[in-house]
Amino acid sequence: AVKLYLADKTVVAEVAKTITQIATGMMFRESMEENNGMLFVFGRPHQTSFYMKNTKVPLSGAYIDSEGKVLEIIEMEPLNLEGIPSKSDEIQFVLEMIQGWFENNGIKVGTRIVTEKGPLRKTFFGR
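As a convention, each chain's residues are numbered from 1 in the sequence order in which they are written. Selection of residues for local features in this predicted model requires a pLDDT of at least 70, selection of side-chain atom pairs for listing and counting requires 80 or more, and totals for whole chains, interfaces and linings are taken over all residues. Just so you know, side-chain values use all the structure's heavy atoms and leave hydrogens and water out.

If you look at the biggest cluster of nonpolar residues, it comprises 35 residues, and the most contacted ones within it are Leu4, Leu6, Leu39, Ile64 and Leu95. Within the residue set of this core, elements represented by two or more residues are strand E1 (2–6), strand E2 (9–16), strand E3 (36–46), strand E5 (59–65), strand E6 (70–76), strand E8 (91–98), helix H2 (101–104) and helix H3 (120–125). Ignoring sequence-local partners within four residues, the contact set of Leu39 consists of Leu4, Ala13, Glu14, Val15, Ala16, Ile64, Phe93, Val94, Leu95, Leu120 and Phe124. The nonpolar core is taken to be a set of buried Ala, Val, Leu, Ile, Met, Phe, Trp, Tyr and Cys residues, with the residues joined through side-chain atoms within 4.5 Å. Each residue's exposure class comes from its accessible area (1.4 Å probe, protein chains only) as a fraction of the maximum for that residue type: buried when under 20%, exposed when over 50%, partly exposed otherwise. Helix and strand labels come from DSSP, where a helix needs a run of H or I of at least four residues and a strand needs a run of E of at least two; each type is numbered from the N terminus. By the convention used here, residues are in contact when the closest approach between their heavy atoms is within 4.5 Å.

So, on to the packing of aromatic side chains. Here is the rule: rings of Phe, Tyr and Trp (six-membered ring for Trp) pair when centre to centre is within 6.5 Å. Planes less than 30 degrees apart are stacked, more than 60 are edge-to-face, and the remainder are tilted. Across all of its chains, the model carries six aromatic pairs by this definition. Ring centres of Phe42 and Phe50 lie 6.4 Å apart, and the angle between their planes is 85°; this geometry places the pair in the edge-to-face category. The same class applies to Phe42 and to Phe50, which are both buried. Among the aromatic residues, those joined into a cluster by ring pairs are Phe40, Phe42, Phe50 and Tyr63.

Positionally, Thr48 belongs in the loop between E3 and strand E4 (49–50). Those residues in contact with Thr48, other than ones at most four positions away along the chain, are Phe42, Tyr63, Ile84, Pro85, Ser86, Ile91 and Val94.

What follows is the structure in structure tokens.
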């Protein structure tokens, strides 16, 4: 797990980096703590699409660029198989939280996310 800092909020996120971890994500879980999430880490920026196969917990997702800037926030309904594509092709990270978390905590598009080690790219790729 990694601590993420979003404005004045702190989140503890599981990290999904491998193909299997990314493909599985939050599947089959019954619940999620208020300030816990899952951070998906991709090897390079790209256009992505997330869906809710086998996922029962309603989620909000932040599509994030390589600098850790939130570019888009999406709302995902449980068990919905329809993907929600990012508008940007610069997505390198995705943070999933319980639905409404971003809105309830005042986290908007443009917010930068960092770790104790600094920017997301430096934390996960060392540069």
